[in-house]
Amino acid sequence: MPALRAWALAQALSRIDLGTVRLEEGEYEAARELFGDEYDSTLERYVEITDVTRDRSDDRVAETLDRTAEEQDEFVDAVSDYQRTLDEYREARAEGEDERADRLARELNSTAERVVREGGDLAEVYQAVGRVTDTDLSPSIRRIGNVTDRVSEERTAVIRSEFDPTLLQASVTSESASFVNPLNLSGQLATSNGTSVSNATVRVRLGNETLTVRTTRNGTFDVSIRPVLVDVGRQVVSVRYRPREASPYLGSTTNVTVVVEQVRPQMSVDPVSSNVSFGEPVRVSGRVAVDNVTVGGLPVTVTVGDTELGRVRTAENGSFAVSDPLPARVPAGTQSLSINVSTERAAVGAVETVRTVTVEETGTDLTTSAGFDSGNLVVDGRLQTSEGRAVGGQTVRILVNGTGVESVRTNGSGAYDVTLEPRSGLVERQARTLNVTAVYDGTATNLVGDRASTTVSLPESRDIASVSDLLDIDTGIGSMNPFFGVSVPSTFVGRLVVALSLVAFAGLVLYEYRRRSGRQPSPEGQRVSSLETDDAESVEGDEGGGGGSAGIPSPPAVSETEGPRQPAPSFAEAHERLRAGETDEAVVAAYFQARSELTERLLPEVSGTPRQFLVACEGTDLAEERVAALRRLVDSYERAAFGLRPVDHEVAQSAIRDAVVASSPSET
């Protein structure tokens, strides 16, 4: 593995070296191939190899090489674009297309800047690769520098032949600035020989605030900025001249530094209604100023209690207005109404005004209906206020025969619907009705709760979710709702009907399992299979102990005087299911095969539920350890067949071991 890793790394580094050679020679497509698919495939092989080692240093190398691939692509693209633009410029100049040549010269200037920037980034990445791989990449770094130097020289030659360079000067009247003490900046734009550049646009940027100004006849300009959202402290003021496309001048920039100081604003809020209720607009308006100078562009947030109602920015005259409906999530009662400007670190600082309002309760009207569709129970309805306003985003609980089975949220129009699907096998029972109730409790809102009920007739056949609950069987995994969480009949007759149905169902399942597996009673004394199989070995054994296969407990030894041992059953299907990750199916297969084995040998006339079968086995001369194993197997089976989620892999393994022990041939 170290040799493969070293080989893959050497391949990647050699492509870096050869790729920079091709770039320096101007063979951009060849460099693109080396830096592109070939490099990526080499990197993929390196990652595959290092995934096995799980070494953090290998991960750092892989991450650095991956970043190198991105930077190489960017640099090759930039150099290719530059060369294309240079060729087009030279062609336009040769053919006397002056306007096109001027446009391409400006494009060449910006593309060259990109080449220099990307080349610097790539050189830094190469240095990082050298550090993490302990490799000298200085030749590759030098070649990248040669490329950027050549591009810079060519750009300079083109720019000097096409445009007049300009010089931009700027200064401030004070080293500090604030909203009440604006930044006053003045400057001049001229060519390199001192000729003034008039009617040119200059952009001045302070933080996130930008102003534009035009130069006068003598190239001078003045600008004043009141910082509002600029961070306090030392800030760089950028002054930039970018000429128009047809201009004969070259752009220029300069910077000055200023310290931004903070001031505290004042807020006035217009009268607010003292009582508010769900869905009604809460109207808040006011104005923000500093020493009677209004402030525009400030973010204002209006909050009722802990709920944000709205957010706006002040207009140029410092005014603001919020009018948003009160949401349901604001609890009824006395609540604070906060109007807040939270600009703690800005030139214009924070300010807050608080009022008190009473949130009134609003009555609700909840409707519901239910019916069966393709065997599923469908419940829908609507939640609205007593005045008919839709209430969206609220939780409605669905109860069936008094048992909570589902929760659903209303949509924007207040409507809700939910389809409740059966969770297990189909059985027949006498038709009866279900009582379906929808409940909205209005907790932590300004709405009054409500409920609505309806009844629906069950179809002649329907799904049952838990055999254990129907028969009051403790599965050891907590209670489960039988059908959509519906309670089972409490009368003896009702339980008897269910029990008889389940007995029939269990018998059908057992018959179908034996039919599909093709199992027939084996001739007496004939060996059917052996525990010494690959399937048996896939189950982890108990600690210690000899005999048997791969940790599966061997049945108790039988002496020669006790007669021949019966053939041990194979659990191939259970093992196959377990290897496929189908833990529930593995447990079910193990249970039914064990039951089939025991039924043939001990209880040929017994059918019924798993618990009934267990009771019947307990009444035979089956050894206690096999009964205990069968008891654990039944518990596991019920969890797998009727639980709400698949059993763990370890549970399925234990179930197969228990099935082996329970069904192993006993003494004859």
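Residues numbered from 1 in each chain as written. Predicted model: local features only at pLDDT ≥ 70, side-chain atom pairs only at ≥ 80, totals over all residues. Heavy atoms only, no water.

Focus: the overall build of the chain
The following threshold applies: A run of DSSP states H or I qualifies as a helix once it reaches four residues; a run of E qualifies as a strand once it reaches two. Both are numbered from the N-terminal end. Relative accessibility thresholds used throughout: buried, under 20% of the residue-type maximum; exposed, over 50%; partly exposed, between the two (1.4 Å probe, protein chains only). By definition in these notes, contact holds between two residues if any of their heavy atoms fall within 4.5 Å. The accessible surface values rely on the Shrake-Rupley method and a 1.4 Å probe; as for residues, cover is taken only from the protein chains in view.
The helix and strand tally for the chain stands at 14 helices and 26 strands. Out of the 668 residues in the chain, the part that is buried amounts to 45%. Excluding contacts between residues fewer than 6 apart, the proportion of contacts in the chain whose partners are at least 24 apart in sequence is 63%. Working note: accessible area of the chain is about 33,500 Å², and carbon and sulfur atoms make up 45% of it.

Remarks on the pattern of salt bridges
Condition: What makes a salt bridge here is a side-chain nitrogen of Lys or Arg within 4 Å of a carboxyl oxygen of Asp or Glu, nothing more.
All chains considered together, the criterion is met by 21 salt bridges. Of the charged contacts in the structure, one is a salt bridge between Asp17 and Arg143, with a shortest N-O distance of 3.0 Å. Of this pair, Asp17 sits in helix H1 (residues 2-24) while Arg143 sits in helix H6 (residues 138-162); the two residues are 126 residues apart in sequence, bridging distant segments of the chain. Residues joined in a network through salt bridges with shared partners are Arg84, Glu88, Arg103 and Glu107.

So, helix H12 (residues 610-618)
Here is the rule we go by: The reported arc concerns the directions from the helix axis to the C-beta atoms and nothing else.
Of all the positions in H12, only Pro610, Arg611, Phe613, Leu614 and Cys617 are classed as buried. Burial along H12 is one-sided: seen end-on, the buried residues are contained in an arc of 160°.

With respect to the sheet that holds strand E16 (residues 333-341)
Quick note on the threshold: Here, a strand pair is defined by DSSP locating no fewer than two bridges between the strands.
Read across the sheet, five strands follow the order E10-E17-E16-E13-E14 without closing on themselves; strand pairing throughout is mixed. Two strands bound the open sheet, and with one partner strand each, they are strand E10 (275-276) and strand E14 (307-313). Of the pairings in the sheet, the one linking E10 to strand E17 (residues 351-359) comprises two bridges and is parallel in character. Counted as the bridge partner of Val276 is Val359 from E17.

Remarks on the side chain of Thr307
Note on placement: Thr307 falls in strand E14. Residue classification places Thr307 among the buried positions, given a relative accessible area of 10%. With residues near it in sequence (within four places) discarded, Thr307 still touches Val302, Pro327, Arg329 and Val330.

Details of the packing of aromatic side chains
What counts here: Classification of ring pairs uses Phe, Tyr and Trp, with its six-membered ring standing for Trp, and accepts pairs whose centres are within 6.5 Å; under 30 degrees between planes counts as stacked, over 60 as edge-to-face, and the remaining range as tilted.
Per the stated rule, a full pass over the model turns up three aromatic pairs. Ring geometry for Tyr591 against Phe592: centres 5.1 Å apart, planes inclined by 70°, an arrangement best described as edge-to-face. What makes Tyr591 buried here is its relative accessible area of 1%. Judged by its relative accessible area of 5%, Phe592 is buried. When the ring of Phe592 is compared with that of Tyr637, the centres are 5.7 Å apart and the planes differ by 85°; the resulting orientation is edge-to-face. With Phe592 in helix H11 (residues 583-601) and Tyr637 in helix H13 (residues 624-642), the pair connects residues that are 45 residues apart, well separated along the chain. Per residue, the accessibility class of Phe592 equals that of Tyr637, and both read buried.

Some words on the environment of Pro165
Mapped onto the secondary structure, Pro165 falls in the loop between H6 and strand E1 (166-172). Owing to a relative accessible area of 32%, Pro165 belongs among the partly exposed residues under this scheme. Residues Pro165 and Pro248, spaced 83 residues apart in sequence, show a C-alpha to C-alpha distance of 9.0 Å.

Observations concerning the sheet that holds strand E5 (residues 209-214)
Sheet architecture is open: five strands sit in the order E2-E8-E7-E4-E5, paired in mixed fashion. Strands with a single pairing partner mark the edges of an open sheet, and in this sheet they are strand E2 (176-177) and E5.

Side note on the packing of H11 against helix H14 (residues 649-663)
The description of two packed helices rests on the angle between their axes and on the distance between the axes. Where we set the bar: In this analysis, axes come from line fits to C-alpha atoms, helices being fitted only over the stretch in contact, and the angle between any two N-to-C directions falls in the range 0 to 180 degrees. Orientation is classified from the angle alone, with under 35 degrees giving roughly parallel, over 145 giving roughly antiparallel, 65 to 115 giving roughly perpendicular, and any other angle giving oblique. Residues are grouped as follows: nonpolar covers Ala, Val, Leu, Ile, Met, Phe, Trp, Tyr, Cys and Pro; charged covers Asp, Glu, Lys and Arg; every other residue, Gly included, is treated as polar.
The interhelical angle for the contact between H11 and H14, taken along N-to-C directions, is 10°, at an axis separation of 9 Å. Considering the angle they form, H11 stands roughly parallel to H14. Where H11 approaches H14, its residues Thr583, Val587, Ala590, Ala594, Glu597, Leu598 and Arg601 are matched on the opposing element by His649, Ala652, Ala655, Ile656, Ala659, Ala662 and Ser663. Residue composition of the contact of H11 with H14, grouped by class: nine nonpolar, three polar and two charged.

Things to note about unusual backbone geometry
With phi around 55°, Asn401 is a residue other than glycine that occupies positive phi space. Here Asn401 shows up in the loop between strand E20 (395-400) and strand E21 (403-409). Residue Ala444 is not a glycine yet carries a positive backbone phi of 60°. Here Ala444 is to be found in the loop between strand E24 (433-440) and strand E25 (450-457).

Observations concerning the confidence of the model for the chain
In plain terms, the rule: Confidence per residue, as judged by the predictor, is encoded in pLDDT with a range of 0 to 100.
Mean pLDDT over the chain stands at 80; residues scoring 70 or higher make up 77%. Long-range and interchain partners of residues 423-431, a stretch whose pLDDT sits below 50, account for 32 contacts in this model, where long-range means more than four residues apart. Scored below 50 in pLDDT, residues 461-506 shows 109 contacts in the model against residues more than four places distant or in partner chains.

Structural notes on the nonpolar core
Going by this rule: Here the nonpolar core consists of buried residues drawn from Ala, Val, Leu, Ile, Met, Phe, Trp, Tyr and Cys, with membership extended through side-chain atoms lying within 4.5 Å.
Of all hydrophobic cores here, the largest spans 38 residues; its most connected members are Leu23, Leu65, Phe75, Tyr82, Tyr89, Val115 and Tyr126. If you list the elements that add at least two residues to this core, you get H1, helix H2 (28-35), helix H4 (56-94), helix H5 (98-133) and H6. Tallying contributions element by element places H4 first for this core, with eleven residues. In this structure, Phe571, Tyr591, Leu630 and Tyr637 belong to the second largest nonpolar core, which totals 32 residues.

Considerations on the packing of H5 against H6
Note the cut-off: A clockwise turn of the near helix away from the far one marks a right-handed crossing, whereas an anticlockwise turn of less than a right angle marks a left-handed crossing.
Direction vectors running N to C along H5 and H6 enclose 160°, while the axes themselves pass 9 Å from each other. Put simply, H5 runs roughly antiparallel to H6. In the crossing of H5 with H6, the sense of the turn from one axis to the other is left-handed. Tallied by class, the residues present in the contact of H5 with H6 amount to 13 nonpolar, six polar and four charged.

Description of the environment of Thr443
Relative to the helices and strands, Thr443 resides in the loop between E24 and E25. Here the alpha-carbon distance between Thr443 and Thr395, two residues 48 residues apart in the chain, equals 9.9 Å.

Examining a negative patch on the surface
The cut-off we apply is this: Patches were defined on residues exceeding 30% relative accessible area and lacking a salt bridge, with like-charge contacts within 9 Å and nonpolar side-chain contacts (Val, Leu, Ile, Met, Phe, Trp, Tyr) within 5 Å. Charged residues are defined here as Lys and Arg on the positive side and Asp and Glu on the negative side; His and the ends of the chain fall outside this count. Positions of charges follow a simple convention, taking NZ of Lys, CZ of Arg, CG of Asp or CD of Glu.
Taken together, the side chains of Glu63, Asp66, Glu70, Asp73 and Glu74 define an acidic patch exposed on the protein surface. For Glu63, a relative accessible area of 56% puts it in the exposed group.

Concerning the side chain of Thr85
Mapped onto the fold, Thr85 is located in helix H4. By relative accessible area, Thr85 is classed as buried at 0%. Among residues more than four places away in sequence, those in contact with Thr85 are Leu104, Glu107, Leu108 and Thr111.

What about the environment of Val76?
Checked against the element boundaries, Val76 lands in helix H4. Exposure remark for Val76: the relative accessible area of 1% places this residue in the buried category. Distance from Val76 to Gly119, taken between C-alpha atoms, is 9.3 Å for residues 43 residues apart in sequence.

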